[in-house]
2 protein chains.
Amino acid sequence: MGVTIKDVAKAANVAPSTVSRVLADSSRISADTKKRVRRAMKELGYHPNVNARSLANRSTQAFGIVMKSSADKALQNPFFPEVLRGISSIAHQLDYSLYISTGETEDEVLESVQRMVYGNRVDGILLLYSMVNDRVMNFLFERKFPFIVIGKPCEHMDSITHVDNDNVTASKEITNRLIDLGHERIAFIGGDEDLVVTVDRKRGYQLALQESGMLLLEEYSVHTEFLKSGGREAVHELFNLPDPPTGLVIVDDLMSIGVVTMLEELGKQVPRDVSIVSFNNIHMSEIARPSLTTVDIHIYELGRQAAKCLIEKMQDESVPTKRIIVPYNIKDRQSTQAREETLL
Amino acid sequence: MGVTIKDVAKAANVAPSTVSRVLADSSRISADTKKRVRRAMKELGYHPNVNARSLANRSTQAFGIVMKSSADKALQNPFFPEVLRGISSIAHQLDYSLYISTGETEDEVLESVQRMVYGNRVDGILLLYSMVNDRVMNFLFERKFPFIVIGKPCEHMDSITHVDNDNVTASKEITNRLIDLGHERIAFIGGDEDLVVTVDRKRGYQLALQESGMLLLEEYSVHTEFLKSGGREAVHELFNLPDPPTGLVIVDDLMSIGVVTMLEELGKQVPRDVSIVSFNNIHMSEIARPSLTTVDIHIYELGRQAAKCLIEKMQDESVPTKRIIVPYNIKDRQSTQAREETLL
DNA sequence: ATGAAAGCGCTAACAA
DNA sequence: TTGTTAGCGCTTTCAT
């Protein structure tokens, strides 16, 4: 079907190996021959066959992208497309291709990753999440397959290159926004407790409270995948406490938007009755009402950095383990207001 | 590095071709041999090399997924992850892998697609959008490369298999919701006019108005990629008209949420002052305030159907062109109310 | 600076 | 039912 290297060789009156060298832009081919060969390639409409090349090379120019199993609706979160944009900006520039994991359940995702690895489909893998005891990560780690984590690996942190934000500090800082505004009853709403990002953000929240001499109330920490049915009840419970919170630290903008709605059902307004801060600065958080005070974690940049690290690692296994912390910054918007005002 | 078919052959005391046949589960291998070979594969930890297989086979078990250039923020739209879920549910089940296009600009996306095609990386391609004069589509069409469109191709409709909703009818029906509620000044807010989906939905809107004997006002049709800066102005203009609309048909839930916010800036409430209907039924539309009356187009199903068609086509080029219409249904929620109430 | 030839791991005639 | 052999298209020594 296709034009092969041989056809080009014939047309340019050289050996196939020469054509191959021209392809690689080898320095030991005369400029003249290169020109001739290149012209032949153009004329015949030649395009190298990636599979053949991978086979001879044992290197695909591709890497795999693994997201959490799509069963949980986390995927609905714009985090994913945005990080993908970052990744592909680098991938495209360096002529790498992207493979993407499939699978609804954890098992299926693992299978899918194994196919990538064993089948030699990719030279490296990007993990778009980090959770405790993750089988995909363990698998990759044990096989010593090149991979990078976006987020903080909970094990072998020093031997797994990863790209992350300083979530603890960010969370502390944004919690302090609430404290500075005079809030004294501040609750935390997180998602899946197995996700390291949840753990870190909760930690920052706790640190902030402690440093201000505030108590950590057990019942002020709620974990719920709010997109599922349980979320609504959890929020209702929280606000049925004798001393309901006036400030909320929520791990994700999307969750915040949901919570705002739930609060309204309870007759509470944001920020009048409750102030909310959250994370990610998804586009929506600017558009929502009220617009959300949130931590911009620079998702796009997380993707770019991770892709860079991975490519580096794929090209040279011996590159040392890295830990890249992408800076965050806080967007002050309208979901927060001083507690004093509330009391007036 | 890896265990090859030869190693397995040696271990099982058969010829490599036998192993290959076992891999394909050929019917002309004795159950006994199969068992022996399979055991050897297990013991040695054998996994086939996909590249070698593709090369010998001229068939990768993969297909490419092309989205609009990520430059426009359309990607932030949950449509993408959701359709991807649908696609991968089928892909995984049938052991197909997914390749994903990269590129910020239209040029880059085309390049990326050409790499997929020419490089033999994929056996078929799924186009996740449809726009007029799309170079990617033209390229695929001219090369007679197997591909499926999600949406309605604007050219060669009868020779390109596609999966779509009946957007015209859906739009007509949802516009009628507004008309039935007594609204008489109904405007349309669409996105990129090059997208066929925008065109269809606008058409349905127009039909509904006409059939009710209402006038089509030029100034009642706004096209704006609201995520960009111009959106706000466009909406403001619309409501600064001498006779501002009381009903809005908006092509996308995400846009609706933005518009709700903008209206609020103008001192208008939804649905009290303005009723809104839109499309897609993204998860957010249930959570937003007000929750959105919208057309559920079954994004997940669009993905599944498209993936099925593509695989069918990849396996048998001669399968006839198809046109699959995924049914929609309308979710009545709180962004609409009767015009009469407004007048009280 | 270029060519010849072996081989990457697998499949698919063709034989047996 | 199984083995032999010749590629798939490219890269890469090793010669020249």
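It should be noted that the structure appears before, not after, this text.
Residues numbered from 1 in each chain as written. Chains lettered and ligands numbered in written order. Predicted model: local features only at pLDDT ≥ 70, side-chain atom pairs only at ≥ 80, totals over all residues. Heavy atoms only, no water.

Chemist: I would appreciate a short explanation of the relation of the copies chain A and chain B in the present structure.
Modeler: Between the two copies of the chain lies a relationship made up of a rotation around an axis and a movement along it. When chain A is brought onto chain B, the operation consists of a screw motion whose angular component is 180° and whose axial shift is 0.0 Å, with 0.1 Å RMSD remaining. Interpreted geometrically, this transformation is the action of a two-fold axis. Looking at the interface residues of chain A, 100% of them are also at the interface in chain B, so both copies use one shared face. (Least-squares fit on C-alpha atoms with pLDDT ≥ 70 in both. Contact = heavy atoms within 4.5 Å.)

Chemist: I would appreciate a short explanation of the interface of chain A and chain B in the present structure.
Modeler: Accessible area lost upon the coming together of the parts serves often as the stated size of an interface. Across the contact, 59 residues belong to chain A and 60 residues belong to chain B. Both faces considered, chain A and chain B share a buried interface measuring about 5,500 Å² in area, 56% of it formed by carbon and sulfur atoms. At the surface where chain A touches chain B, the tally comes to four salt bridges. The salt bridge partner of arginine 115 of chain A is aspartate 95 of chain B, with a shortest N-O separation of 3.0 Å. (Buried area = accessible area lost by both parts, 1.4 Å probe. Salt bridge = Lys/Arg side-chain N within 4 Å of Asp/Glu carboxyl O.)

Chemist: Before we go on, may I ask you to explain the layout of surface pockets in this structure?
Modeler: To find leftover empty space, a probe the size of one water molecule is rolled over the atoms. By volume, the second largest pocket amounts to about 980 Å³. As for the second largest pocket, its lining consists of 30 residues, and the residues nearest its centre are Tyr118 and Asn120 of chain A together with Gly2, His47 and Asn49 of chain B. Of the residues forming the lining of the second largest pocket, the biggest block, three residues, is contributed by helix α4 (residues 50-57) of chain B. Here the residues of the lining of the second largest pocket are counted per class, giving 14 nonpolar, eleven polar and five charged. (1 Å grid on protein atoms, 1.4 Å probe; cavity = no way out; pocket = protein on both sides within 12 Å on 5 of 7 lines; lining within 4 Å. Points joined across faces, edges and corners; volume = space filled by probe spheres on them. Helix = DSSP H or I, 4+ residues; strand = E, 2+ residues; numbered from the N terminus. Nonpolar A, V, L, I, M, F, W, Y, C, P; charged D, E, K, R; others polar.)

Chemist: I keep staring at the side chain of threonine 246 of chain A and nothing clicks. Help me out?
Modeler: Residues and elements named next belong to chain A. Looking at the secondary structure, you find threonine 246 in the loop between α10 (230-239) and β8 (247-250). With relative accessibility at 5%, the residue threonine 246 sits in the buried group. Ignoring sequence-local partners within four residues, the contact set of threonine 246 consists of His183, Glu184, Arg185, Asp273, Val274, Ser275 and Arg339. (Buried < 20%, exposed > 50% of the residue type's maximum accessible area, 1.4 Å probe, protein only.)

Chemist: Looking at this structure, I do not really get the packing of aromatic side chains. What am I missing?
Modeler: Any two aromatic rings considered together are summarised by their centre-to-centre distance and by the angle between their planes. Residue and element names in this part refer to chain B. Evaluated as defined, the whole model comprises eight aromatic pairs over all chains. Seen in terms of ring centroids, phenylalanine 63 and tyrosine 96 are 6.1 Å apart; in terms of plane orientation they differ by 40°. Their pairing is tilted. In this pair, phenylalanine 63 sits in strand β1 (residues 62-66) while tyrosine 96 sits in the loop between α5 (79-93) and β2 (97-100), placing the two residues 33 residues apart along the sequence. The pair phenylalanine 63 / tyrosine 96 is uniform in exposure class, with both members buried. (Phe/Tyr/Trp six-rings, centres within 6.5 Å; stacked < 30°, edge-to-face > 60°.)

Chemist: What am I meant to see in the sheet that holds strand β12 (residues 329-331) of chain A here?
Modeler: Within a sheet, neighbouring strands are paired by backbone hydrogen bonds and run either parallel or antiparallel to one another. Residue and element names in this part refer to chain A. On the basis of which strands lie adjacent, the open sheet formed by six strands has the order β7-β6-β8-β9-β10-β12 and mixed pairing. The open sheet has two edge strands with one neighbour each: β7 (221-223) and β12. When strand polarity is set aside, the average angle formed by the axes of neighbouring strands in this sheet is 20°. Relative to β8, strand β6 (residues 186-190) runs parallel, the two sharing four bridges. (Pairing = 2+ DSSP bridges. Axes fitted to C-alpha atoms, helices over the stretch in contact; angles between N-to-C directions.)

Chemist: Hey, could you run me through the packing of helix α1 (residues 5-12) of chain A against helix α3 (residues 31-44) of chain A in this one?
Modeler: Axis angle and axis distance: for two packed helices, these are the angle between their axes and the distance between the axes, and together they describe the pair. Residues and elements named next belong to chain A. Between α1 and α3, the shortest axis-to-axis distance is 9 Å and the interhelical angle comes to 120°. Here α3 runs oblique to α1, going by the angle between their axes. Of the two elements, α1 crosses α3, and the hand of that crossing is right-handed. In this structure, α1 contributes Asp7, Val8, Ala11 and Ala12 to the contact, and α3 contributes Arg36, Val37, Ala40, Met41 and Leu44. Split into classes, the residues belonging to the contact of α1 with α3 amount to seven nonpolar, no polar and two charged. (Parallel < 35°, antiparallel > 145°, perpendicular 65-115°, else oblique. Left-handed = near helix turned anticlockwise from the far one by under 90°.)

Chemist: What is the right way to look at the protein's contact with DNA strand C in this model?
Modeler: Close to DNA strand C lie 26 residues; Thr18, Arg21 and Thr33 of chain A together with Ile5 and Tyr46 of chain B are nearest. Among the atoms of DNA strand C lying within 4 Å of the protein, the sugar-phosphate backbone contributes 68%. The separation between a phosphate oxygen of DNA strand C and a polar side-chain atom of asparagine 57 of chain B is 3.4 Å. When its residues are assigned to classes, the surface near DNA strand C shows eleven nonpolar, ten polar and five charged. (Near = heavy atom within 4 Å. Polar contact = N/O pair within 3.5 Å; in protein donor to acceptor, adjacent residues only side chain to side chain.)

Chemist: What's the story with helix α13 (residues 299-315) of chain A in this structure? I'm lost.
Modeler: An α-helical turn contains 3.6 residues, so any two residues separated by three or four positions project in the same direction. Residue and element names in this part refer to chain A. The end-to-end C-alpha distance of α13, which contains 17 residues, comes to 25 Å, matching closely the 24 Å that a straight helix rising 1.5 Å per residue would cover. Along α13, the residues that are buried comprise Ile299, Leu302, Gly303, Gln305, Ala306, Ala307, Cys309, Leu310, Ile311, Lys313 and Met314. Elements that come into contact with the buried residues of α13 comprise β1 (62-66), α5 (79-93), β3 (124-127), β4 (147-150), β5 (162-164) and β11 (323-325). (Expected span 1.5 Å × (residues − 1).)

Chemist: Explain the protein's contact with DNA strand D to me, please; I cannot follow it from the model alone.
Modeler: In the region of DNA strand D, 26 residues are neighbours, and Ile5 and Tyr46 of chain A together with Thr18, Arg21 and Thr33 of chain B sit closest. Taking all atoms of DNA strand D within 4 Å of the protein, the share assigned to sugar and phosphate is 63%. Measuring from a base nitrogen of DNA strand D, one finds a backbone N or O atom of alanine 52 of chain A at 3.3 Å. In this structure, a phosphate oxygen belonging to DNA strand D sits 2.6 Å away from a side-chain N or O atom of threonine 18 of chain B. Elements that contribute at least two residues to the surface near DNA strand D include exactly α2 (16-23) and α4 (50-57) of chain A together with α2 (16-23) and α4 of chain B. Per-class residue counts for the surface near DNA strand D are eleven nonpolar, ten polar and five charged.

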